[in-house]
Amino acid sequence: MHPARHLASTATAVARSLQRRGRGVFPLLRRDAALGYAVTVHRRAPSPAAARARWNAGEPVFLPGVLGDAPRRFAAAIRSSLRMFARLRGGAPFLDELDRRLGDDPDLRYAGSTVDQDDPREVERVFVDAAPEGGPPATDLWAKLAWIADDPVDRSLRVRFSCGMDQLEQWMTQTDHTAAWVDLFAARAFGECAAILTCGPLRALLDRLIPQPHRLSERILYNNAPNGGAMFHHDAEPGQLGVCYSQLEGRTAWLAIAKRRLARLLVQVGECKSPRAAMAALDANCEPALLQRLNRDERFTALLAARGALFVLEAGDSILLPSHGIDDTAWHSVLAIGDKPSLAHSYGLFPRLPDYLPEADPWRGAAGAATTQA
């Protein structure tokens, strides 16, 4: 069953009629490209067997309502983050915002802030060092505030937590000790992290899908704004097992599908001559015609929806995006829904080693006893 159906952008009367009858109908608009409407159809979580089958096939796993009442329980922290993003969008210094949140932290010390003049999306990067009493230090941790797109019509923002030099991709080789302090940096600055980290049903499912000990790291906060969102891409990185994206306030629409199925659809519409050529074109992801087809073609959006690749995430929902390799990963794009910016967290899934600090992720799951809230 399809989680959401597509309705043509010309079917305005039908959309209004469905809305009057209480159906969830949402315009799909990103960077002035009108892609029709998403109509919510099916909001039932998959069975454990179905979730595993989708995960193994590199398909997204949609988990409606998995966070339970966490958006209500963490409402104060969520509102605080939304107000912060509003101030940042108005030009407030990111350093000041983090200082208010971490000024009296016993372990984290400010180590500098920069702006990358070669990256038009970056707004400000704040560095901290961890100097815990009686424990080894961790240095060069950072939180980066950036626009999601280099496009003035898209006012979406994000904050990413990581470490080391981006250019050298040092985050891929960090120790679990350093990764834990990056994760603690995020959790101490933004209390709503616990809404995801302590969610028993979500973490139990992740333990079933990823039987080895794992961590939720490279944490990102998303503040998707109207007419904004991310273009089609993948998150397959060396050592990364997938991504867990959780909606905490507002809504987003998703087009998400396994790369191999996406390649076959590109052949079907005549964009590529063969699945192999389509896979190569996706890897390059730079041809203007392909980018137009993926991101601004309403008919292709309708075709994706007809293949079950359209999802509407509401507050309390999560979606899992597996990465088993560069060719076996879930490609996806995001569209903001609604008339104000929303809030979501996205966490990368990585293997966890013994030197990862338990405080950075309160769930033990397959590695030991769990302390969770449903």
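Everything numeric here is computed off the predicted structure, so don't read it as measured data.

Caption draft 1: Quick peek at the side chain of Glu97. Structurally, Glu97 can be placed in helix H5 (residues 94–102). Excluding anything up to four places from it in sequence, Glu97 contacts Met84, Arg87, Leu88 and Ala92.

Caption draft 2: The environment of Phe62, seen in detail. Position of Phe62 among the secondary structure elements: in strand S4 (residues 61–63). For Phe62, a relative accessible area of 7% translates into the label buried. Non-local contacts of Phe62, meaning those with residues more than four positions away in its chain, are made with Pro3, His42, Arg43, Pro46, Phe311, Val312, Leu313, Asp317, Ser318 and Ile319.

Caption draft 3: Broad picture of the sheet that holds strand S13 (residues 318–322). Read from one edge of the open sheet, 9 strands run S4-S13-S10-S15-S9-S8-S7-S6-S5, paired in antiparallel fashion. The sheet is open, and its two borders are formed by S4 and strand S5 (108–114), each paired with just one other strand. Neighbour to neighbour, the strand axes of the sheet diverge by 20° on average, direction disregarded. Here strand S10 (residues 242–249) runs beside S13; their pairing, made up of 5 bridges, is antiparallel. Counterpart to Ser246 in the pairing with S13 is Ser318.

Caption draft 4: Geometry of the sheet that holds strand S14 (residues 330–337). The sheet built from 3 strands is open, its strands ordered S12-S11-S14 with antiparallel pairing. One side of each edge strand has no neighbouring strand; the edge strands of this open sheet are strand S12 (310–313) and S14. Mean inter-strand twist for the sheet, computed between neighbouring axes without regard to direction, equals 25°. Sheet topology note: the strand S11 (residues 251–258)/S14 ladder contains 8 bridges and is antiparallel. Residue Ala256 lies in a different strand from S14, and its bridge partner there is His332. Running over the sheet, helix H9 (residues 259–268) touches S11 and S14 and is turned about 85° from S11.

Rules of the game
- Residues numbered from 1 in each chain as written.
- Predicted model: local features only at pLDDT ≥ 70, side-chain atom pairs only at ≥ 80, totals over all residues.
- Heavy atoms only, no water.
- Helix = DSSP H or I, 4+ residues; strand = E, 2+ residues; numbered from the N terminus.
- Contact = heavy atoms within 4.5 Å.
- Buried < 20%, exposed > 50% of the residue type's maximum accessible area, 1.4 Å probe, protein only.
- Pairing = 2+ DSSP bridges.
- Axes fitted to C-alpha atoms, helices over the stretch in contact; angles between N-to-C directions.

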